[in-house]
Amino acid sequence: SEHAERAIDRAIAAFPLPAGYRIERRWSDRSINEKERTSMFDAAIIALLIIFMVTASFTESIAKPLVVMLSVPLALIGAFLAFIVTGLPFGIGGYAALMMLIGIAGGHATLLVDAMSRGLTGKEGRLDVLIDAAASRVRPVMLTAAATLGGCIPMVAAGDEASVWYSLAVGI
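What you see is a predicted model, and the numbers here were worked out from it, not measured in a lab.

### Some thoughts on the environment of Phe90
And then number 1: Position of Phe90 relative to the elements: it lies in the loop between α4 (71-86) and α5 (92-119).
And then number 2: For Phe90 and Leu168, which are 78 residues apart along the polypeptide, the C-alpha to C-alpha distance reads 9.6 Å.
And then number 3: Among all residues touching Phe90, those that are not within four sequence positions of it are Phe80, Phe83, Tyr95 and Leu98.

### Some remarks on the environment of Pro16
And then number 1: Topologically, Pro16 is positioned in the loop between α1 (2-14) and α2 (34-59).
And then number 2: Sequence spacing of Pro16 and Phe80 is 64 residues, and the spatial spacing of their C-alpha atoms is 38 Å.

### Regarding the side chain of Ser71
And then number 1: Its location among the elements puts Ser71 in helix α4.
And then number 2: For Ser71, a relative accessible area of 18% puts it in the buried group.
And then number 3: Ignoring sequence-local partners within four residues, the contact set of Ser71 consists of Ala105, Gly106 and Ala109.

### A closer look at the confidence of the model for the protein chain
A low pLDDT score tells you not to read the predicted coordinates there in detail.
And then number 1: Averaged over the protein chain, the pLDDT score is 82; the fraction of residues at 70 or greater is 91%.
And then number 2: The spread of mean pLDDT over the elements of the protein chain runs between α1, the lowest at 76, and α4, the highest at 89.

### Considerations on the packing of α5 against helix α6 (residues 126-157)
And then number 1: Running from N to C, α5 and α6 point in directions that differ by 155 degrees, and their axes come no closer than 9 Å. Considering their axes alone, α5 and α6 lie roughly antiparallel with respect to each other. Of the two elements, α5 crosses α6, and the hand of that crossing is right-handed. When α5 is examined against α6, the residues Ile104, His108, Leu111, Leu112, Ala115, Met116 and Gly119 are found in contact with a partner set consisting of Val129, Leu130, Ala133, Ala134, Ser136, Arg137, Val141, Thr144, Ala145 and Thr148.
And then number 2: In terms of residue class, the contact of α5 with α6 is made up of eleven nonpolar, five polar and one charged.

### Considerations on the nonpolar core
And then number 1: The biggest cluster of nonpolar side chains holds 16 residues, and the ones touching the most others in it are Ile51, Val68, Leu76 and Ile102.
And then number 2: Within the residue set of this core, elements represented by two or more residues are α2, α3 (63-69), α4 and α5.
And then number 3: Counting residues per element, this core draws most heavily on α5, at seven residues.
And then number 4: Once residues lying within four places of it in the same chain are set aside, the contact partners of Ile51 are Val68, Met69, Ile102, Gly103 and Gly106.

Rules and cut-offs
Residues numbered from 1 in each chain as written. Predicted model: local features only at pLDDT ≥ 70, side-chain atom pairs only at ≥ 80, totals over all residues. Heavy atoms only, no water. Helix = DSSP H or I, 4+ residues; strand = E, 2+ residues; numbered from the N terminus. Contact = heavy atoms within 4.5 Å. Buried < 20%, exposed > 50% of the residue type's maximum accessible area, 1.4 Å probe, protein only. pLDDT = per-residue confidence, 0-100. Axes fitted to C-alpha atoms, helices over the stretch in contact; angles between N-to-C directions. Parallel < 35°, antiparallel > 145°, perpendicular 65-115°, else oblique. Left-handed = near helix turned anticlockwise from the far one by under 90°. Nonpolar A, V, L, I, M, F, W, Y, C, P; charged D, E, K, R; others polar. Core = buried A, V, L, I, M, F, W, Y, C linked by side-chain atoms within 4.5 Å.

Shown next as structure tokens:
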């Protein structure tokens, strides 16, 4: 909160330092104020709407994009659990991770829904189509997820928990 930020700034200003030394607060240490939180929420809503519109135009359906939208909360639950387990504060990096996860989860779900849509044109049962579509998309989705996680390893390995990049990598 802004009150806490001001209290921290006052405590830093009151702390006696030897000549030639200073204390600087890192940008990533700053908490997100209400205006920024609202902006991030608005951006997330816009991202969801874009995913919905692209998927609706791609599949020429309204029901299929709704199925895609169901994947987003699952990804967000995983991100929140990562922050709870690691004990990291949910700050700027966490919000950025959520924005990325909305796109990643939406993309993966779109691929799965597309595979199911193409399979429904045959005479197989719906359950068989679902199983076949999931089986055919598991490898590409897992490879994409592994590549994304692999890109996050250096950010976590750096070990600077106060860094925006660290919390971004943990959230993803």
